[in-house]
Amino acid sequence: MRSSRILRNGLLGLLGLIFSSAVLAHGGAAGTDTDQCKFELEKDHWIHYTAYQPNAYPAEEFCGNIPDTNTLTQLVFDYQDQRYRGMAIEFEVTKEPEGKRVFFQAAEKHKSGTVILNLPQGVQEAGKHLIHITLLQDNGERLDAHMSFKAGAGQPTSKASYGLYALVLFAGLYIFYLSNAGFKRKVDEMIGKAKEI
């Protein structure tokens, strides 16, 4: 009885951790940064990037892998530094390795600190693409940053999702074990035989 209670409490604790928003948070702890979705325009000055495909995947965010081609794609850039709000920034997306231009937005200032680039048909070809961001400084210098993404590979199920599915399946079997006397008896017999070996 005591071991089943310990197992049940452990399982509930594990489920709590898995569904905790702190565990699923994006980024890192103080002093570290694991956010792969950003551009460093200048040393320690960043622009964060997120891609969306609202028609195909309404509740999903993407970064390095965009699942579909030929569908509305929104590239959203958030300035993490106030100083960029007063500077003109140019955006371009190219298909690599050819360097063929897919999208271009001339340099302009974005006082809100957020830029949404709408690509109504998304990117047309699957494969590697490059986002070019050019900061036009007041002295006439151009400061460039680049970030690549892959388009058209579909949305794979992550290993974390498989683990979550396995955990939910295990939790369902455990609940069935506790609530069904016949199933519990068979499992206990199998465990007893395994212990004898």
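Coordinates for the structure precede this section.
Residues numbered from 1 in each chain as written. Predicted model: local features only at pLDDT ≥ 70, side-chain atom pairs only at ≥ 80, totals over all residues. Heavy atoms only, no water.

Draft legend 1. Just the pairing of strand β3 (residues 57-62), in detail. Pairing geometry for strand β2 (residues 45-53) and β3, over two bridges, is antiparallel. Its bridge partner lying in β3, Ala51 is registered against Phe62. Linking β2 to β3, which pair antiparallel, is a turn of three residues. (Pairing = 2+ DSSP bridges. Helix = DSSP H or I, 4+ residues; strand = E, 2+ residues; numbered from the N terminus.)

Draft legend 2. Spatial organisation of the side chain of His48. Position of His48 relative to the elements: it lies in strand β2. Judged by relative accessible area, which is 12%, His48 ranks as buried. (Buried < 20%, exposed > 50% of the residue type's maximum accessible area, 1.4 Å probe, protein only.)

Draft legend 3. Highlighting the pairing of β2. With four bridges connecting them, strand β1 (residues 38-42) and β2 associate as antiparallel partners. If you follow Glu42 over to β2, its bridge partner there is His45. The antiparallel pairing of β1 with β2 creates a hairpin that spans two residues between the two strands, and Asp44 there sits at a positive phi of about 65 degrees. Here β2 runs beside strand β5 (residues 73-79); their pairing, made up of six bridges, is antiparallel. In the strand pairing of β5, Ile47 is matched with Tyr79.

Draft legend 4. How the structure looks around the state of the cysteines. For the structure on display, the rule yields one disulfide. Each sulfur in the disulfide pair Cys37 and Cys63 lies 2.1 Å from the other. Note that Cys37 is positioned in the loop between α1 (2-18) and β1 and Cys63 in the loop between β3 and β4 (65-66), a separation of 26 residues in sequence. Across this residue pair, the class does not change: Cys37 and Cys63 are buried. (Disulfide = S-S within 2.5 Å.)

Draft legend 5. Main features of the side chain of His129. Within the secondary structure, His129 sits in strand β9 (residues 127-136). From its side chain, His129 meets the backbone oxygen of Gly127 in a polar contact 3.0 Å long. In contact with His129, other than residues within four places in its own chain, are Val93, Thr94, Lys95, Glu96, Val102, Val123, Met147, Ser148, Phe149 and Ala151. (Polar contact = N/O pair within 3.5 Å; in protein donor to acceptor, adjacent residues only side chain to side chain. Contact = heavy atoms within 4.5 Å.)

Draft legend 6. Structural view of the nonpolar core. Grouped together as the largest cluster of nonpolar side chains are 30 residues, with contacts concentrated most on Tyr49, Leu75 and Phe77. At the level of secondary structure, the elements contributing two or more residues to this core comprise β1, β2, β3, β5, β6 (88-95), β8 (114-119), β9 and β10 (142-151). Broken down by element, the residue count for this core peaks at four residues, all from β10. (Core = buried A, V, L, I, M, F, W, Y, C linked by side-chain atoms within 4.5 Å.)

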